[in-house]
Amino acid sequence: MASGPSGNEQRTNEHDAGAMQKIFQRPFFLSVTIGIPFCMFKLLFGISVVRAGAPDHLFPVLIGWLVICWAVADLLMNTGRSILDLLHRPASFEYCTIAQAGRIFHKPLVFLAIDTLLTFGIICGMLWSGWITTLTPAELYLWYAATTLNLISLSLVSLWYKIQKE
């Protein structure tokens, strides 16, 4: 006799799987675990670029402030998406400025992937340049929190999908 889940158990498991998948796809979850941490990486990079350029080099200072403005704009967008999701309202804007620009070409997800690539480049740049050692203790805690949120959520989602395949 085959021992598999009964019809009721299978429906319950499918319902639980669907509920978890919905959580992982909600704007609140995506913003808190990916978008906002990415904003922190951008912000801390911008601050580091300003510090590296000040007071004698205007160009790095301007680039640093441009990155800081980019980070703040993206932070506002992610916060807005989170709040609207909690209020069960649709957002009329993307998670970040680059994805918003992607709407012009009807490809916001492609542009979101470009933003992700740029952010990973920023993370690598901070690590390989040694600028991470110039962060203040408070800034380092922001970096640690952003890294922890991002990596743990990625691991949870990965684990969940692997369990669902088994």
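Okay, so let's go over this structure. (Residues numbered from 1 in each chain as written. Predicted model: local features only at pLDDT ≥ 70, side-chain atom pairs only at ≥ 80, totals over all residues. Heavy atoms only, no water.)

Focus on the nonpolar core
Step number 1: Of all hydrophobic cores here, the largest spans 24 residues; its most connected members are Phe41, Phe45, Leu135 and Trp143.
Step number 2: Among the elements of the structure, α2 (27-53), α3 (58-86), α4 (97-102), α5 (108-129) and α6 (137-165) are those that each provide at least two residues to this core. (Core = buried A, V, L, I, M, F, W, Y, C linked by side-chain atoms within 4.5 Å. Buried < 20%, exposed > 50% of the residue type's maximum accessible area, 1.4 Å probe, protein only. Helix = DSSP H or I, 4+ residues; strand = E, 2+ residues; numbered from the N terminus.)

Quick word on unusual backbone geometry
Negative phi characterises most residues that are not glycine, and trans characterises most peptide bonds.
Step number 1: A cis amide bond links alanine 54 to the next residue, proline 55, at an omega of -10°.
Step number 2: Position of proline 55 relative to the elements: it lies in the loop between α2 and α3.
Step number 3: A positive phi angle, near 60°, is found at histidine 88, a position not held by glycine.
Step number 4: Assignment of secondary structure puts histidine 88 in the loop between α3 and α4.
Step number 5: When its relative accessible area of 68% is taken as the criterion, histidine 88 is described as exposed.

Description of the environment of leucine 44
Step number 1: Topologically, leucine 44 is positioned in helix α2.
Step number 2: Along the chain, leucine 44 and glycine 64 lie 20 residues apart, while their C-alpha atoms are 9.6 Å from each other.
Step number 3: Excluding residues that lie within four positions of it along the chain, leucine 44 makes contacts with Met126, Leu135, Glu139, Leu142 and Trp143. (Contact = heavy atoms within 4.5 Å.)

Quick notes on the pattern of salt bridges
Step number 1: A full pass over the atoms with the stated rule returns 5 salt bridges.
Step number 2: One salt bridge connects glutamate 139 with arginine 51, and the closest N-O pair in it is separated by 2.6 Å. One end of the pair, glutamate 139, is in helix α6; the other, arginine 51, is in helix α2, with 88 residues separating them in the sequence.
Step number 3: Here glutamate 139 falls in the buried class, since its relative accessible area comes to 10%.
Step number 4: Of the charged contacts in the structure, one is a salt bridge between glutamate 94 and arginine 103, with a shortest N-O distance of 2.8 Å.
Step number 5: Overlapping salt bridges bring together Lys42, Asp74 and Asp115 as one network. (Salt bridge = Lys/Arg side-chain N within 4 Å of Asp/Glu carboxyl O.)

Thoughts on the environment of alanine 73
Step number 1: With respect to the helices and strands, alanine 73 occurs in helix α3.
Step number 2: Between the alpha carbons of alanine 73 and cysteine 96 there is a distance of 7.5 Å; along the sequence they are 23 residues apart.

Overview of the environment of leucine 142
Step number 1: Secondary-structure assignment places leucine 142 in helix α6.
Step number 2: By relative accessible area, which is 36% here, leucine 142 ends up partly exposed.
Step number 3: A C-alpha to C-alpha distance of 8.6 Å links leucine 142 and phenylalanine 41, two positions 101 residues apart in sequence.
Step number 4: Look past the residues within four positions of leucine 142 in its chain and what remains in contact with it is Met40 and Leu44.

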